[in-house]
Amino acid sequence: MEDLAPQVDRWLSVLIPAAQVVFIIVVALLLKKLSSRLVEKLKSHYHLPMEVLVGIRRLLSFIIFSSALFLILDRLGVSGTVLWTAFTGFAAVAAVAFFAAWSVLSNIFCAVLIMTTRPFRLYDHVELLENGEKPGLVGQVIDINLVYTTLRETHEDDTKTVLQIPNTLFFQRTIRCWQGNSIPKRKKKVEEAAKADEGK
């Protein structure tokens with residue numbers, strides 16, 4: 001029996017942290033599901049725009065899973081002081097790099113403007129005009145984040161591609177917007193532009 005005691009201690013030293021890690025992951029997943037339901041209630045009660053709801057979902061997911069990661073590392077024996085020091089050091093370096101990248105800052109500022117002034121919404125079809133009536137980038141808005149707005153293009157052969165456009169571009173060019181399910185008919189415009197270029 002005396003020989004079994006060290007083995008039991010060794011097994012317990014492995015099983016207890018493993019059980020705690022599993023418990024933390026399960027709680028994080030439950031909190032994620034709870035936060036999704038909360039966001040759905042906010043959506044139905046306050047009629048918030050989809051862009052704001054997506055931002056809230058992402059923020060809550062980041063908080064939940066980063067907290068879970070810190071707790072798991074703590075359970076595995078990584079010191080909280082070491083974690084906090086590493087995190088603050090990383091945050092300081094990231095802040096310097098962040099403020100050094102003015103283009104990123106301008107994209108973030110434009111993302112805030114897009115979400116507040118709402119020149120277009122998720123699932124609208126938009127076109128960025130080059131100059132005048134010359135066809136530009138066109139597609140359905142499927143995502144708006146802090147740096148890019150993602151457009152889904154549908155081609156003549158029904159193939160679909162995705163464009164990631166910097167948010168600043170929407171404030172440098174004229175935008176044509178089709179709201180809701182109305183789909184832009186671009187084929188005729190493209191053909192007319194091609195004929196005009198050939199005439200030149």
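Calculation criteria
Residues numbered from 1 in each chain as written. Predicted model: local features only at pLDDT ≥ 70, side-chain atom pairs only at ≥ 80, totals over all residues. Heavy atoms only, no water. UniProt positions renumbered as here; feature names shortened; annotations may be inferred. Phe/Tyr/Trp six-rings, centres within 6.5 Å; stacked < 30°, edge-to-face > 60°. Helix = DSSP H or I, 4+ residues; strand = E, 2+ residues; numbered from the N terminus. Buried < 20%, exposed > 50% of the residue type's maximum accessible area, 1.4 Å probe, protein only. Pairing = 2+ DSSP bridges.

- Per an unreviewed UniProt entry, the chain goes by the name Small-conductance mechanosensitive channel and belongs to Saezia sanguinis.
- The UniProt entry for the chain carries the following comment under Sequence similarities (unreviewed entry): "Belongs to the MscS (TC 1.A.23) family."
- UniProt's Subunit (unreviewed entry) comment on the chain is quoted here verbatim: "Homoheptamer."

**Digging into the packing of aromatic side chains**
Each aromatic ring pair is specified by the distance between its two centres and by the angle formed by the two planes.
Stage number 1. Under the counting rule described, the total for this entry stands at one aromatic pair.
Stage number 2. For the ring pair phenylalanine 120 and phenylalanine 170, a centre distance of 4.9 Å and an interplane angle of 50 degrees mean the geometry is tilted. Taken together, the residues phenylalanine 120 in the loop between α4 (102-117) and β1 (125-129) and phenylalanine 170 in the loop between β4 (160-166) and β5 (174-178) connect sequence positions 50 residues apart. Of the two residues examined, phenylalanine 120 and phenylalanine 170, each falls in the buried class.

**Examining the pairing of β4**
Successive residues of a regular strand alternate their side chains across the two faces of the sheet.
Stage number 1. The pairing of strand β3 (residues 148-154) with β4 spans seven bridges and is classified as antiparallel. Bridge pairing in β4 links threonine 149 to isoleucine 165.
Stage number 2. Connecting the antiparallel pair β3 and β4 is a turn made up of five residues, with aspartate 158 showing a positive phi of about 65 degrees.

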